[in-house]
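Fold and geometry: a report
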Amino acid sequence: MGAAEQHIKDAKLTKLKPESVSTSIPDYEVLIIGAGISGMAAAIELKRRGIESFQILERADDVGGTWRDNNYPGIAVDIMSFVYTYSFEQNPDWSRLYAPGAELKRYMRKVACKYGLYRSTRFGVVVNSAEFDESKSLWRVNTNQGFFTARHLTSAVGSLVEPKKPTIRGIDDFQGKCMHTARWDQDYDLTGKRVALIGTGATGVQVVPEIAEQVEHLDVYQRTPIWIIPKPDARTPFWLRTLFRLSGTAQKGMRLSTHALTELVMVVGVTYFKQMPWLVRMLENVCLKNLHKQLPEQPDLWKKLTPKYGFGCKRPTFSNEYFKTFSRDNVELVTDSIDCITASGIKTKDGKEREIDVLILATGFEVFGKKSFPTYPVLGRGGIDLREYWYTNRYQAFEGLTVPGYPNFYMFMGPYALTATSYFVMAEGNAVHMARCVEEARTRGAEVVEVKQEVHDRYFEEIQKRQQSTVFLNNNCGDSSSYYFDHHGDAPLARPSTSMEMLLRAKYLSMDNYRFIRGNR
Ligand SMILES: Cc1cc2nc3c(=O)[nH]c(=O)nc-3n(C[C@H](O)[C@H](O)[C@H](O)COP(=O)(O)OP(=O)(O)OC[C@H]3O[C@@H](n4cnc5c(N)ncnc54)[C@H](O)[C@@H]3O)c2cc1C
């Protein structure tokens, strides 16, 4: 039994005993919900500052979040592995420049073991709601295993976590095998099956080339094409892994240079589109060349696979294989709109029905929604649900983390939080910002920490101003069907700044942006 398995077994044997809900002394100083990249970053940062009274609540039975739940064929990171890691826990052993998902899962477990996080995590605890008790200045968290209370609540439940089922007529009538990529059935054998895959985002692009050889026939249903950059992937050579093992400095150097490159491709061009549109145009050209090179002399397919929206409106991805797959005899790209799903196939609006055995939904996740952002109701001052508040009043949060009216509450991956360089960078920045608030509350003997309304409003105004320069408002995003956008027409997923700025602000922004209150007023 490995170290992670032993820790999970021990954690299950520990009896849950939530404290009385009436006391004004909370069970924990900090509760963290979710044990993915964000929750683990939060816990490690608290430990680093000597704050040990915290608990992680995780609904599943292991750490890892995304990398625990997504096991579809071909899953791999699409940001270079040297930068898709915690900065303080680099890994010399990635087998490829873009590591496969299974390695990420192992990495997350290893980090959790090293920092003793299994001991601080309750698995199988589903958070149903959280409510701020104004009279006692604490959060009361309602779970499937009773109530927990904490002075501070960190929500690290991710945003790509609730699989999205498309609302296609007849989808529930399908009698064959149906699976969402985020709930892949490892035991199901696709060999010789007639398969339809709906969805051509980053996940679909990874699955399609992986299964095409194995299945009898594959229909790929595309609503919106995706921009695809060639993937500079390769096995990590032995000498490089040895060098990394021997020299932390070499590894840091590699991380820094890949970070700079990723920042240029994924962040700078998108955020400062108005100032330097040439960068995005250059990337669009690179993507088009990638398409033409993989499918030489097939202009009919070029037309179908070229996005009508600009680069950056929707998450672009990397692949050297995806386009090529459409030159196979057993693969068809279907661009006619789907009319309905029948018991045995899919009917398109042109009247054609294609029979299938298996339906794969590569349709992503519920991102901005009343039930998904976050995954449970969060009732702040006056009992107002944050999800409802955001849904009605636009998504907004100071530094993507804190909201007036929701004291002692920190939402990782909040509105405008993510810099697209690497998720780890955002998680580390948020962890520092959150831990500074908790630490400062300790120092000042305060029970309540709340971002000042005027600070938040100024920040939101500044974000709106910066949005004016991004691709989202200037690069013909209307046709992109992108999860970056919400129903208000805002694009609150990505932060309009570089990750360097985000990290510096997390570390050094003045704590005077917050009100610290002793007692409950
Ligand atoms: C397939 C896939 C590939 C990706 N690849 C990349 C990439 O290459 N580069 C990149 O920068 N980003 C990538 N992302 C985006 C992002 O990096 C990952 O989703 C990241 O793992 C998110 O980390 P997280 O900790 O915030 O959330 P998650 O990993 O989603 O973890 C959230 C945790 O919260 C738990 N939880 C949720 N609700 C509750 C509840 N009510 N009660 C208790 N527990 C709850 C979940 O079980 C989960 O363990 C990818 C996302 C996906 C889905």
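On a predicted model such as this, the values are computed, not experimentally measured, just so you know. (Residues numbered from 1 in each chain as written. Predicted model: local features only at pLDDT ≥ 70, side-chain atom pairs only at ≥ 80, totals over all residues.)

**Brief notes about the overall build of the protein**
Convention followed: Here a strand is any run of E in DSSP of at least two residues, a helix any run of H or I of at least four, and the numbering for each starts at the N terminus. All radius of gyration figures rest on C-alpha atoms, and the globule criterion is 2.2 Å times the number of residues raised to 0.38. A residue is called partly exposed when the number of other C-beta atoms within 10 Å of its own lies between 12 and 20, exposed at 12 or fewer, and buried at 20 or more, with C-beta atoms placed from the backbone. C-beta atoms are placed from the backbone for every residue, and two residues are taken to be in contact when these atoms lie within 7 Å.
What the protein contains, in helices and strands, is 14 helices and 20 strands. Against the compact-globule benchmark of 24 Å for 521 residues, the protein has a radius of gyration of 23 Å, which places it among compact chains. Referenced to the eigenvectors of the C-alpha coordinate spread, the extents of the protein come out at roughly 70 × 55 × 50 Å. Counting across all 521 residues of the protein, residues that qualify as buried make up 44%. Within the protein, residue pairs in contact and separated by at least 24 positions form 75% of the contacts whose partners lie at least 6 positions apart.

**Some details on the sheet that holds strand S16 (residues 358-361)**
What holds strands together in a sheet is hydrogen bonding between their backbones, with the strands either parallel or antiparallel. What counts is decided by this rule: DSSP bridges decide pairing: two strands pair if at least two such bridges lie between them. Here an angle of 0 to 180 degrees is reported between the N-to-C directions of two axes, which are lines fitted to C-alpha atoms, with helices fitted over the stretch in contact.
Read from one edge to the other, the open sheet built from five strands follows the order S7-S16-S8-S9-S12, with strand pairing classed as parallel. Because the sheet does not close on itself, it has two edges, and the strands there are strand S7 (177-180) and strand S12 (331-334). Direction aside, neighbouring strands of the sheet carry axes that sit 15° apart on average. As judged from the four bridges shared by strand S9 (residues 217-221) and S12, these two strands associate in the parallel manner. Bridging across to S12, tyrosine 221 finds its partner in valine 334. Each of strand S8 (194-198), S9, S12 and S16 touches helix H5 (residues 202-212); the most contacted strand, S8, lies at about 170° to it.

**Some details on the nonpolar core**
Definition in use: In this description, a nonpolar core means buried residues of the types Ala, Val, Leu, Ile, Met, Phe, Trp, Tyr and Cys, linked to one another by C-beta atoms lying within 7 Å.
By size, the foremost hydrophobic cluster in this structure holds 137 residues, and its most contacted members are Leu31, Met40, Ala42, Ala150, Ala196, Leu197 and Ile360. Among the elements that make up this core, the one with the highest residue count is helix H11 (residues 423-444) (10 residues). The contact partners of alanine 42, leaving out residues within four places of it in the chain, are Ile32, Thr154, Ala156, Phe412, Ala431 and Met434.

**A short note on helix H7 (residues 248-271)**
To keep things clear, this is the line we draw: What is called the bend at a residue is the angle between a pair of axes, fitted to the seven residues leading up to and ending at it and to the seven starting from it.
Where H7 bends most, at leucine 264, the angle is about 40°. Buried-residue contacts for H7 involve helix H8 (277-294), helix H13 (471-474) and helix H14 (499-508).

**Section: the environment of serine 87**
Looking at the secondary structure, you find serine 87 in the loop between helix H3 (66-69) and helix H4 (101-114). Separated by 141 residues in the primary sequence, serine 87 and isoleucine 228 have C-alpha atoms spaced 27 Å apart.

**A few points about the site of the ligand**
For clarity, the cut-off: Near, as applied to residues and a molecule or strand, means the residue's backbone-placed C-beta atom lies within 6 Å of it. As a working rule, the residues Ala, Val, Leu, Ile, Met, Phe, Trp, Tyr, Cys and Pro are called nonpolar, Asp, Glu, Lys and Arg charged, and the rest polar, with Gly in that last group.
Around the ligand, the structure places 32 residues, and the nearest of them are Gly34, Gly36, Gly65, Gly158 and Tyr423. If you list the elements that add at least two residues to the shell around the ligand, you get helix H2 (37-48) and strand S2 (54-58). When residues in the shell around the ligand are grouped by element, the largest group, three residues, is from H2. Looking at the shell around the ligand residue by residue, the classes come out as 18 nonpolar, 11 polar and three charged.

**Some remarks on the pairing of strand S1 (residues 28-33)**
The side chains of a regular strand alternate, residue by residue, between the two faces of the sheet. Put simply, the rule is: Handedness of a crossover is defined as follows: with both strands directed away from the viewer, a clockwise route from the first strand across the helix to the second makes it right-handed.
For S1, the buried fraction is high: five of the six residues fall into the buried class. Across five bridges, the pairing between S1 and strand S6 (residues 146-155) is parallel. If you follow valine 30 over to S6, its bridge partner there is histidine 152. Where S1 meets S2, four bridges bridge the pair, whose relative direction is parallel. Bridge pairing links leucine 31 to glutamine 55 in S2. With respect to chirality, the unit in which S1 leads through H2 into the neighbouring parallel S2 is right-handed.

**Let's talk about the pairing of strand S13 (residues 338-341)**
As judged from the three bridges shared by S13 and strand S14 (residues 345-348), these two strands associate in the antiparallel manner. Along S14, the bridge assignment pairs isoleucine 341 with isoleucine 346. Linking S13 to S14, which pair antiparallel, is a turn of three residues.

**Structural notes on unusual backbone geometry**
The omega torsion of the bond from phenylalanine 373 to proline 374 falls at -5°, within 30 degrees of zero and hence cis. Here proline 374 shows up in the loop between S16 and strand S17 (378-379). Positive phi values are uncommon outside glycine, yet asparagine 408 reaches one of about 55°. Along the chain, the position of asparagine 408 falls in the loop between helix H10 (386-393) and strand S18 (409-411). The exposure class assigned to asparagine 408 is buried, which follows from the 25 C-beta atoms found within 10 Å.

**Quick notes on the confidence of the model for the protein**
Low-pLDDT portions of the prediction should not be read for the details of their coordinates. For clarity, the threshold we go by: A residue's pLDDT is the confidence the predictor assigns to it, expressed on a 0 to 100 scale.
Averaged over all residues, the pLDDT of the protein equals 93, while 95% of them reach at least 70. Confidence over residues 13-20 falls short of pLDDT 50; this stretch has nine contacts with residues more than four positions distant or in other chains.

**Looking at the packing of H2 against H11**
In plain terms, the rule: Relative orientations are named as follows: roughly parallel for angles under 35 degrees, roughly antiparallel for angles over 145 degrees, roughly perpendicular for angles from 65 to 115 degrees, and oblique for any other angle. For any helix crossing, the convention is left-handed if the near helix is rotated counterclockwise from the far helix by under a right angle, and right-handed if that rotation is clockwise.
Close contact between H2 and H11 brings their axes to 8 Å; oriented N to C, the two are set at 40°. Accordingly, the angle class assigned to the pair H2 and H11 is oblique. Regarding H2 and H11, the two cross each other, and that crossing is right-handed. For the pair H2 and H11, contact is made by Ile37, Ser38, Ala41, Ala42, Glu45 and Leu46 and by Tyr423, Phe424, Ala427, Glu428, Asn430, Ala431, Val432, Met434 and Ala435, respectively.

**Some details on the sheet that holds S14**
Spatial strand order, S13-S14-S15: three strands in an open sheet with antiparallel pairing. The open sheet has two edge strands, S13 and strand S15 (353-355), and neither has a second partner. Each adjacent strand pair in this sheet contributes to an overall mean axis angle of 20°, direction not counted.

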